[in-house]
Amino acid sequence: MAAHTPTEISLLSEPHRAILLNLGLFHNNGEPIEALFERVADLLEGALEFDYLGISLLTEGTRVRLVGARPPLDGPVGSEFDLGEAAVARLITNPGVWVFKTDVADPQTAALATAGITHGVAFALHDGSRPLGTFTFGRIREELYAEADLEFIRLFGLMLSHSIAAYLRTEQARAEAACARLLNEAALILNAGQPAGRFFDRLRQLLAAAIPTESMVLLLAEADGSNLRVAGSLPSHNLKRGALIPVSAVSDEVLIGTGNSVNEHLVSDLDSPLVRGTGANAVQRLAVAVLRDGPRLLGILSLGRQENRSFTASEWELLNRLAAFLGQPLAIEERIAATESEAARASLLNQLGLLLNA
């Protein structure tokens, strides 16, 4: 991506130059993108005529997440939608400014068209050759933006790309460090022979730094296999620690999923007493790790998000590794308990035999 030059900026109007200067200051703040969007929207009010402003960032494949919108015509901030292969291909191959007309028959602009937006301008946000997402203006009045406005949007988009890319790199480094710390500490805790149910609180703290979520539940299978015991729950008022939940209360989609150890679900797609009973905190999306020893169910670890935002590939990788970590000590615990139970039964039968023969 070519950086803007002082000559390019000097050709802008004074209000536009001031806005770019302020955006440069924001770049050094390391703000979350959602907060950056609010500042950007405030800056642009009055500098450009628009009736819609939004930033969407690519997540996985062709999906994007809406990180900011005024007004939220595409859905609530945080929601995800499919941008489509053609639009993503254009985003990859055509960095810079696009001018477009809205159409109720076009899935990509139907929400804007329905709200009366007639046309708009999108800037393809990039980090070098890597596409990040789009920064979009829309307005009701049918007159196109002037060339001077389009040049300002181009320079603004370049600076915004730098700010977003810097933040994403910082967040990636933070997440990787948190993941490494989580796996290292989990290994130390498990190697110390501490039962899995006892380190829920520490596990919750470590996961909070690595995977942003609003709910977490760890359920451990009882010896008879028909019930799950709550080892820990956040928020704690949803499921009380020590409570028993029938395995039948867990939906087949959660228990079976796609055959993988970790699966992701929209809560609205799940119909089970367990999900209905824990819906008080309005979780929309769940990542569920089903812990097994061969075919035998050992437990379930679930993480929930209140916004409809998919878990990333790196978060999936961490959950898969964590599921493997947790499964090992749980299987060992169960085998030890079974051995102790067998020994206790043998001892009892032996004592009964001695009493009967006395």
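Everything discussed here concerns the structure shown above.
Described below are features of the structure shown in this document. Since the model is a prediction, treat every value here as computed from it, not as a measurement.

Parameters and conventions
Residues numbered from 1 in each chain as written. Predicted model: local features only at pLDDT ≥ 70, side-chain atom pairs only at ≥ 80, totals over all residues. Heavy atoms only, no water. Helix = DSSP H or I, 4+ residues; strand = E, 2+ residues; numbered from the N terminus. Buried < 20%, exposed > 50% of the residue type's maximum accessible area, 1.4 Å probe, protein only. Areas by Shrake-Rupley, 256 points an atom, 1.4 Å probe, with all protein chains shown as cover. Core = buried A, V, L, I, M, F, W, Y, C linked by side-chain atoms within 4.5 Å. Contact = heavy atoms within 4.5 Å. Salt bridge = Lys/Arg side-chain N within 4 Å of Asp/Glu carboxyl O. Expected span 1.5 Å × (residues − 1). Arc of directions from axis to C-beta. Pairing = 2+ DSSP bridges. Axes fitted to C-alpha atoms, helices over the stretch in contact; angles between N-to-C directions. Phe/Tyr/Trp six-rings, centres within 6.5 Å; stacked < 30°, edge-to-face > 60°. Lys NZ or Arg CZ within 6 Å of the ring centre and 35° of its normal.

This next bit is on the overall build of the protein chain. Of the regular secondary structure elements, the protein chain holds 10 helices and 12 strands. A total of 358 residues make up the protein chain; the buried ones form 45% of that total. In the structure as shown, the protein chain presents an accessible area of about 17700 Å², 56% of it carried by carbon and sulfur atoms.

Among soluble globular proteins, nonpolar side chains are generally buried collectively. By size, the foremost hydrophobic cluster in this structure holds 33 residues, and its most contacted members are Leu44 and Phe135. Secondary-structure elements contributing two or more residues to this core are helix 2 (14-27), helix 3 (33-44), strand 1 (52-58), strand 5 (119-127), strand 6 (130-139) and helix 6 (147-191). In terms of residue count, helix 6 provides more of this core than any other element does, 11 residues in total. When sequence neighbours within four positions are dropped, the list of residues in contact with Leu44 reads Ile19, Phe50, Leu53, Phe135, Phe137, Phe152 and Phe156.

Attention now moves to the pattern of salt bridges. Following the criterion strictly, the structure yields 15 salt bridges and no others. When the shortest N-O distance is used, the salt bridge between Arg63 and Glu80 registers 3.2 Å. On the criterion of sequence distance, the pair formed by Arg63 in strand 2 (residues 63-70) and Glu80 in strand 3 (residues 80-82) is long-range, its members being 17 residues apart. With a relative accessible area of 28%, Arg63 lands in the partly exposed category.

What follows concerns the side chain of Thr109. Checked against the element boundaries, Thr109 lands in the loop between strand 4 (96-101) and helix 5 (110-114). Residue Thr109 is classed as buried on the basis of its relative accessible area of 8%. Setting aside chain neighbours within four positions, we find Thr109 in contact with Phe100, Lys101, Thr102 and Asp103.

Attention now goes to helix 3. Compared with an ideal rise of 1.5 Å per residue, which puts 12 residues at 16 Å, helix 3 spans 16 Å between its outermost C-alpha atoms and is within 8% of the ideal. Among the residues of helix 3, Ile33, Leu36, Phe37, Val40, Ala41, Leu43 and Leu44 are the ones counted as buried. Projected onto a plane normal to the axis of helix 3, the buried residues spread over an arc of 155 degrees and lie on a single side. Directly after helix 3, the chain includes Gly46, whose backbone phi takes a positive value near 90 degrees.

Turning to the sheet that holds strand 6, a few remarks are in order. What the 6 strands build is an open sheet, ordered 3-2-1-6-5-4; its pairing is antiparallel. Each edge of the open sheet carries a strand with a single partner, namely strand 3 and strand 4. Strand after strand, the sheet turns through a mean of 30 degrees between neighbouring axes, direction not considered. Across the sheet, helix 3 touches strand 1, strand 2 and strand 6, and the angle it forms with strand 2 is around 45 degrees.

Under the defined criterion, the tally for this structure stands at 4 aromatic pairs. Ring centres of Phe152 and Phe156 lie 5.7 Å apart, and the angle between their planes is 55 degrees; this geometry places the pair in the tilted category. You can see Phe152 and its partner Phe156 sitting in helix 6, 4 residues apart, about one turn around the helix. Grouping aromatic residues by their ring pairs yields a cluster made of Phe50, Phe135, Phe137, Phe152 and Phe156. Cation over ring: Arg90 sits above Trp98, and NZ or CZ is 4.4 Å from the ring centre. Seen from the ring of Phe311, Arg305 lies directly overhead, with NZ or CZ sitting 4.1 Å from the centre.

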